[in-house]
Amino acid sequence: MSTRIAIFPDLAGSVDASVEAVELIEALSCGGDARITLDPVSGLNRYFSAPYPRKTLAYASSTANDLSPDAFAHLLAMQAEGFPEYSAWLEQIRARIRAAYRLGSDIEVVFAPSGTDLEYVALAAVQEKASGGVHNILLGADEVGSGCIHSAHGCYFASETALGLASEVGQEVEGFASISLADVPVRCGYGLARSSVQIAQAIEQEITIAQMAGRHALIHVVHGSKTGLILPDIVQMDALQQRYSDNTTFVIDACQARITTEALHDYLDRDAIVFLTGSKFMGGPPFNGFALMRREAVQNAAKLPEGFARIFRRAEFPAHWAGCESLNDSENISLALRYEASVFELERFQKLPLAQIERIIAAFSQALEDQILAPLGLSLVAPHAAGEIGEPAEHPIEMQTLATVDVSSLPGLATFADAQKCHRELALSGLRLGQPVKSVRKDGEWGGTLRIGMSMPQFASFAMLDDDALADRLSTDMAQIAKAISSYRP
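So, here's what we can say about the structure. (Residues numbered from 1 in each chain as written. Predicted model: local features only at pLDDT ≥ 70, side-chain atom pairs only at ≥ 80, totals over all residues. Heavy atoms only, no water.)

Another aspect to go through is the overall build of the protein. Counting its secondary structure elements, the protein contains 16 helices and 15 strands. In terms of overall size, the protein behaves like a compact globule, its C-alpha atoms giving a radius of gyration of 22 Å where 490 residues would be expected to give roughly 23 Å. Principal axes of the C-alpha set define a box for the protein whose edges measure 60 × 55 × 40 Å. The 490 residues of the protein split such that 57% are buried. With the model as given, the accessible surface of the protein reaches about 18700 Å², and the carbon-plus-sulfur share is 50%. (Helix = DSSP H or I, 4+ residues; strand = E, 2+ residues; numbered from the N terminus. Rg over C-alpha atoms; globule rule 2.2 N^0.38 Å. Buried < 20%, exposed > 50% of the residue type's maximum accessible area, 1.4 Å probe, protein only. Areas by Shrake-Rupley, 256 points an atom, 1.4 Å probe, with all protein chains shown as cover.)

Have a look at this one:
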C-alpha cells in the first residue's frame, strides 16, 4: 500500500491517502490514450498535471488541470455508493450538460475520449454529403493541438486508442470516405493574429477548392484558441453560411470551453457542431471531450465508419446514429469519472452570477498588471488582430480568463524552446502555467511565451472571498509567478 501511495508525492495535504483515494486516482488515469498515463516517479501525466488535488500553484487551465479538492471529494462519495451502469451514467451526464447550458432535448451530446478524437465525430457527420468526400478546413493547427492534424485527416493520432487497441499514427481510420485537409494559419509569419475578414477570405478560397473537387466543406471556427482567438467572427460565419449553405458544415472548436451559454446557443442555432472539453477552462481532469449537435444532423448522418469500433464505445454515441450498434458495448468507467468531475465544475460555475464572474476577472487582470506585467516590463499577446477590437477589455468575457504573456525579454526565456524548458522546470517544482505557444517573433524565430489562465474551480473558490481577500489572494499568486519566471535561469 505504501508503495502505491508513494507515486503521488505531492498529493494535497487535505486529501487522505486512503486505499479508496488511490483506487480513484488509478481509475482516473486510464481509459484513454498514452497521454493520460501517470509517470511512476512524479505521479504526473505528459502535461505535468494529475487527476487529484496537489500541493501546487496552478494557473494552467489552457493546457490541463489537476483535480480540485471538491471534485475529488465528490467522486470519492460516488465511489463509496457505487457507480451507475455506464450507458445510464452517460445519459445522466448528457442531461446535466443540457441543463447547465440551457439546451433543449433536440441537442445531442456525443462523447469522445479527448478533444482530438472529436474530429472523427464531425467527419462522420458529413462524410457522405458529397460524392467526392470531405474537404476539412482546419484553422491554426498550432493553436488547437498538434494531434488534430492527424484526426482531422481521418487518421489515427496515437499509438493506441482509448479501447487499449494498438494503432499507427497517420494510418487511416477504416471506413472513412476520401478526406482532404487544409490548414489555414491564424497568425502571420510575424506572429500577429490575422483578422476575421482575412480568415473568411482564406476559408472561401478553400470552399471553392472543395466545390471543384466535388467535396463537402467542413469549416472550423476557432472559439478560444490557445491564445484566446475567435476566428472567424459570427458575422463572417453568417456570410459564408448564407453563400455556401448547401455545400458546407461548420464545426466550432471551443475545446477550451471558454464560451458563454449565449455564444453556444448562437452557434447551435446556426446548425453548427460544437466541440467542448472538460479538461481546460472547465477544470476537470484530462482527457474528456464532447460534441454538441442538432438531432437532425445525427439523423441525417451516414453510417459510422467501421474503424470507430476501435475508438469509441456504443454508449458514447446517440443510439439512433446509424451504425452505433456496431460499436463496442463495453464500459469505460474511467472516462465517465472524468466527465463527472468536469460537469460537477461546470454546474458550480454556471450558478455564479455574471457580476461575480466580472468581479473576479477584474481582480485577476489587475493583479496580473500590478504584479507581473508592469514590474517586469512585459506585455500580453493580443487575442485579436491589430485594430479589430479597440481594447483588450472589450474581448468576449470568456476570453478574459486567459492571458498569454510575452516573456521573451527575460533572461533565459528569449525563445520558444527556452520557454518550454522553463515551463517544464516550473511545473516539476510546484508552479503550473499554460504551455508556451508560438505567437511572438523575436530575431527571426519564435519567442518565449507563457500562459496564465483561471479555471471554473478557481472561480467557485474565489467567489467566496470578499473584494479585499480576493485582491490579496490574486496579488500573492501573481507575485509568486513573477518571482519564479524572473528568477529562472536555464
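Having seen it, we continue.
As a further point, take unusual backbone geometry. Working note: non-glycine residues mostly have negative phi, and peptide bonds are mostly trans. The omega torsion across Leu231 and Pro232 is -15°, close enough to zero to call that bond cis. Assignment of secondary structure puts Pro232 in the loop between strand S6 (230–231) and helix H9 (234–244). Residue Phe287 is reached from Pro286 by a cis peptide bond, and omega for that bond is 10°. Position of Phe287 among the secondary structure elements: in the loop between strand S8 (273–277) and strand S9 (289–294). The phi dihedral of Asp271 falls on the positive side, at around 65°, and the residue is not glycine. With respect to the element layout, Asp271 can be found in the loop between helix H10 (261–269) and S8.

So, on to helix H5 (residues 118–126). Along an α-helix, a turn takes 3.6 residues, which lines up residues three or four apart on a common side. Of all nine residues in H5, nine are buried, a share of seventy percent or more. For H5, the complete set of buried residues consists of Leu118, Glu119, Tyr120, Val121, Ala122, Leu123, Ala124, Ala125 and Val126.

Okay, the nonpolar core next. Counting residues in hydrophobic clusters, the biggest one holds 116 residues, and the most contacted among them are Tyr59, Leu292, Ile372 and Ile452. Non-local contacts of Leu292, meaning those with residues more than four positions away in its chain, are made with Ile97, Leu103, Ile107, Glu108, Val109, Leu264, Leu268, Ala272, Ile273, Val274 and Leu276. Counting 34 residues, the second-largest nonpolar core is a separate cluster that includes Tyr120, Val126, Phe275 and Ala301. (Core = buried A, V, L, I, M, F, W, Y, C linked by side-chain atoms within 4.5 Å. Contact = heavy atoms within 4.5 Å.)

Right, let's talk about the pairing of S9 for a bit. Judged by how many residues are buried, S9 sits mostly within the fold: five of six residues are covered. As paired elements, strand S2 (residues 107–112) and S9 share six bridges and run antiparallel to each other. Note that in S9 the partner of Ile107 across the bridge is Arg294. Relative to S9, S8 runs antiparallel, the two being bridged by four bridges. Residue pairing across strands places Leu276 opposite Phe290, the latter belonging to S9. (Pairing = 2+ DSSP bridges.)

One pass over the structure, following the stated rule, counts 15 aromatic pairs. Ring-pair connections join several aromatic residues into one group, and the members of that group are Tyr120, Phe157, Phe176, Phe308, Phe312, Phe317 and Trp321. The residue whose ring lies beneath Arg441 is Trp446, and the NZ or CZ to ring-centre distance is 4.5 Å. (Phe/Tyr/Trp six-rings, centres within 6.5 Å; stacked < 30°, edge-to-face > 60°. Lys NZ or Arg CZ within 6 Å of the ring centre and 35° of its normal.)

Looking now at the sheet that holds strand S10 (residues 379–380). Strand order in the open sheet made by the three strands is S10-S11-S15, with antiparallel pairing throughout. Edge positions in the open sheet fall to S10 and strand S15 (449–453), since each of these has one partner strand only. By the bridge criterion, five bridges tie strand S11 (residues 402–406) to S15 in an arrangement that is antiparallel. In the strand pairing of S15, Asp406 is matched with Thr449.

A word on the packing of helix H4 (residues 86–100) against helix H12 (residues 333–350). The interhelical angle for the contact between H4 and H12, taken along N-to-C directions, is 20°, at an axis separation of 10 Å. In terms of axis orientation, H4 runs roughly parallel to H12. Pair H4 / H12 crosses with left-handed handedness. Together, Tyr86, Trp89, Leu90, Ile93, Arg96, Ile97 and Ala100 of H4 and Ile333, Leu335, Ala336, Leu337, Tyr339, Glu340, Val343, Phe344, Leu346, Glu347 and Gln350 of H12 make up the contact between the two elements. Residue composition of the contact of H4 with H12, grouped by class: 14 nonpolar, one polar and three charged. (Axes fitted to C-alpha atoms, helices over the stretch in contact; angles between N-to-C directions. Parallel < 35°, antiparallel > 145°, perpendicular 65-115°, else oblique. Left-handed = near helix turned anticlockwise from the far one by under 90°. Nonpolar A, V, L, I, M, F, W, Y, C, P; charged D, E, K, R; others polar.)

This paragraph deals with the side chain of Thr277. Examined against the element boundaries, Thr277 turns out to sit in strand S8. Given a relative accessible area of 3%, Thr277 falls into the buried group. A polar side-chain atom of Thr277 sits 2.5 Å from the main-chain carbonyl oxygen of Cys255. Every residue in contact with Thr277, bar those within four places of it in the chain, is listed here: Gly115, Cys255, Ala257, Met282, Asn288 and Gly289. (Polar contact = N/O pair within 3.5 Å; in protein donor to acceptor, adjacent residues only side chain to side chain.)

Bringing the pattern of salt bridges into the picture now. Here the idea is simple: oppositely charged side chains can pair when their charged atoms come close. Applying the stated criterion across every chain yields a total of 18 salt bridges. Put simply, Asp10 and Arg54 hold a salt bridge, and the shortest N to O gap is 2.7 Å. Taken as a pair, Asp10 in the loop between helix H1 (2–5) and helix H2 (19–28) and Arg54 in the loop between H2 and strand S1 (57–59) lie far apart in primary sequence, 44 residues in all. Residue class for Asp10 comes out buried when judged on its relative accessible area of 16%. Judged by relative accessible area, Arg54 falls into the buried class, the value being 10%. For the salt bridge of Arg243 with Glu204, the shortest nitrogen-to-oxygen distance reads 2.5 Å. With Arg243 in helix H9 and Glu204 in helix H8 (residues 196–212), this residue pair connects regions lying 39 residues apart in the sequence. You can call Glu204 partly exposed: its relative accessible area is 22%. If you follow the salt bridges from partner to partner, you end up with Asp10, Arg54, Asp66 and Arg432 in one network. (Salt bridge = Lys/Arg side-chain N within 4 Å of Asp/Glu carboxyl O.)

Take the packing of H2 against H12 next. Two elements in contact, H2 and H12, have axes separated by 8 Å at closest approach and are oriented at 100°. One way to sum up the angle between H2 and H12 is to call them roughly perpendicular. Across from Leu24, Ala27 and Leu28 in H2, the residues of H12 making contact are Ser334, Leu337 and Arg338.

Counting buried residues along strand S5 (residues 216–223), eight of its eight residues qualify, which places the element largely inside the surrounding structure. Bridge count between strand S3 (residues 134–139) and S5: four bridges; the pairing is parallel. The residue bridging Ile137 from the neighbouring strand is Ile219, located in S5. The pairing of S5 with S6 spans two bridges and is classified as antiparallel.

All quantities given are derived from atomic positions and should not be read as evidence of function.
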